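So you can see what is in the structure, the chains are spelled out below.
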Amino acid sequence: MATITHSIPVVDLAAFTSGDPKSKAGFVQALGQAYEEVGFVAVKNHGIPDELIADLYKYVQQFFSLPGDAKHQYELPELAGQRGYTSFGKEHAKGFDAPDLKEFFQFGQTVEDDDPIKKEYPPNVSVKEVPEFTPTFFKAYRAFEKSGKYLLQAIALYLGLDENYFDDKIHNGNSILRAIHYPPIRQEPKSAIRAEQHEDINLITLLVGASADGLQILDKQQNWVPVTSLPEQIVVNVGDMLQRLTNNRLKSTTHRVVNPPREMWHTSRYSIPFFLHPKSSMRLDSLESCIDENHPPEYEPITAGEYLDERLREIGLKK
């Protein structure tokens, strides 16, 4: 398949939150069409402060610079990578045996009200060597949640649902903020891929600009398209849960991370995606509005929790 370059659509979240009905309707239409046609959008005025993003990358780099023994104390295999550190080469894409060339750290939901769902979530793992790491992750998590909630409200309107359709389903949801480190390439790699082609498991993924190029999406013409966003933008794509819910009307986007040119092998790549998940009890059965004679149901009924469990086994994080 060829690799070509063209820009992904850019939308302005301020148009949705401005209070102006015409601007809001325009945003809903632009976002929905972009997801139907491309699967990825760049979002500006997303509400996640630049200084918070800068702090996030600073502390992430400090963590991954720690010695191996220090990082390994935060690896808890019984949590299937859902909290804390996962060492290099543990995860692989669905359908591929070769491990991705990465290590990562995951931070999850902190339930602050009396929601009984609290018992479903393990506590987050605090990193003592980098004191600001955990509080910065918490702040960023909340900022991503807020931005993601607005985007899902727009998606709900595009699908003809009530604007607040997703609100109670994502409140105290099982979202994950993941910090990824792709280390320098020290020897001739077996593959040109740092992270093999895959689709995300969740409803939507919000990604703040990575520290280096490498992300590519597969467009509708089966071409690999490099994705770059400006510093003030985040990239947001559709995940498998939203694809199931919409019976393939909104398609989960296939993407990968390719190795850098040889002259850049000595460099690291850092990436921080926010995987927006609902509560495990949310049903992913296809919406009636997305089923008709030409679009019969494509998927078996399942809950978000059941689907997540199934996928974690497929990618090697859960036995």
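Just above, that's the structure.
Rules behind the numbers
- Residues numbered from 1 in each chain as written.
- Predicted model: local features only at pLDDT ≥ 70, side-chain atom pairs only at ≥ 80, totals over all residues.
- Heavy atoms only, no water.
- Helix = DSSP H or I, 4+ residues; strand = E, 2+ residues; numbered from the N terminus.
- Buried < 20%, exposed > 50% of the residue type's maximum accessible area, 1.4 Å probe, protein only.
- Polar contact = N/O pair within 3.5 Å; in protein donor to acceptor, adjacent residues only side chain to side chain.
- Contact = heavy atoms within 4.5 Å.
- Pairing = 2+ DSSP bridges.

Quick look at unusual backbone geometry
Then step 1. One non-glycine residue with positive phi stands out, namely Q222, at about 65 degrees.
Then step 2. Relative to the elements of secondary structure, Q222 occurs in the loop between β8 (215–218) and β9 (224–226).
Then step 3. Given a relative accessible area of 42%, Q222 falls into the partly exposed group.
Then step 4. In this structure, N248 is a non-glycine residue whose phi angle is positive, near 75 degrees.
Then step 5. In this structure, N248 sits in the loop between α7 (240–245) and β11 (255–258).
Then step 6. Look at N248 and you get partly exposed, because its relative accessible area is 22%.

Some remarks on the side chain of N172
Then step 1. Along the chain, the position of N172 falls in the loop between α6 (167–170) and β5 (176–182).
Then step 2. Taking relative accessible area as the criterion, N172 reaches 6% and is therefore assigned buried.
Then step 3. Polar contacts involving the side chain of N172 include one to the side chain of D115, which spans 3.0 Å.
Then step 4. Filtering out sequence-adjacent residues up to four positions away, N172 remains in contact with Q109, V111, D113, D115, I117, Y121 and K279.

What to know about the pairing of β11
Then step 1. Here β11 shows two buried faces, one formed by H255 and V257 and the other by R256 and V258.
Then step 2. Where β8 meets β11, 3 bridges bridge the pair, whose relative direction is antiparallel. Bridge pairing in β11 places L215 opposite V257.

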